[in-house]
Each structure stands twice: as structure tokens, then as C-alpha cells.
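Residue-level listing of the chains:
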Amino acid sequence: MNKKLWYNQNEAGHINQEATITLKDNGQGIEDAYKEKIFAMFFRASERTDGSGLGLYIVKQAIERMGERLCL
């Protein structure tokens, strides 16, 4: 996992924080045709996995509840 965090100060003296977290796994990958669907509840791009299809959905919900956004 690659994690970057940096701070800067705006004109009013407030500190702005931004984090970029890049995740990479060693799985079989996700075909481009599925990338728009990967954050849907119970979506699995392959039947060859033991996953439930909830992991990325939960991550997306948590990030959005913090007022942030996901970028692919």
C-alpha cells in the first residue's frame, strides 16, 4: 500500500489536509467492463473468489460519509 499525506496552509491560516491512498493487490485484476460496477453492493467480478462483494461497497460508503470522494 502506498500512502501519501501532505499539509498546506491557506490564506486564512487554516491547515488543509489531503491524503491520497493507493491500494494494489495481487489478484487477477478487474476487467475494464466491470470498473463502473465495482463499488456496487454484492458485486463480484468473478465467481472464482470467496469474497462476498461487500468490501469495496463498505469502503465507498465510509469515504462518502466523511464527505470525501473516490477516484478510479
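The structure displayed is predicted, hence computed values, not measured ones. (Residues numbered from 1 in each chain as written. Predicted model: local features only at pLDDT ≥ 70, side-chain atom pairs only at ≥ 80, totals over all residues. Heavy atoms only, no water.)

1. Regarding the packing of aromatic side chains
In total, this model carries one aromatic pair according to the counting rule given. Centre to centre, the rings of Tyr34 and Phe43 are 5.7 Å apart; their planes meet at 50 degrees, and the pair counts as tilted. (Phe/Tyr/Trp six-rings, centres within 6.5 Å; stacked < 30°, edge-to-face > 60°.)

2. A look at unusual backbone geometry
With the exception of glycine, the majority of residues adopt a negative phi angle, and the majority of peptide bonds are in the trans configuration. Residues other than glycine seldom take positive phi values, yet Phe42 does so here, at roughly 70 degrees. When you line up the elements, Phe42 lands in the loop between strand E2 (15-22) and helix H1 (55-65). Note on Phe42: relative accessible area 54%, which makes it exposed. (Helix = DSSP H or I, 4+ residues; strand = E, 2+ residues; numbered from the N terminus. Buried < 20%, exposed > 50% of the residue type's maximum accessible area, 1.4 Å probe, protein only.)

3. So, the environment of Tyr57
If you trace the backbone, Tyr57 turns up in helix H1. Remark: the alpha-carbon pair of Tyr57 and Phe42, spanning 15 residues in sequence, is separated by 7.8 Å. Excluding residues that lie within four positions of it along the chain, Tyr57 makes contacts with Phe39, Ala40 and Met41. (Contact = heavy atoms within 4.5 Å.)

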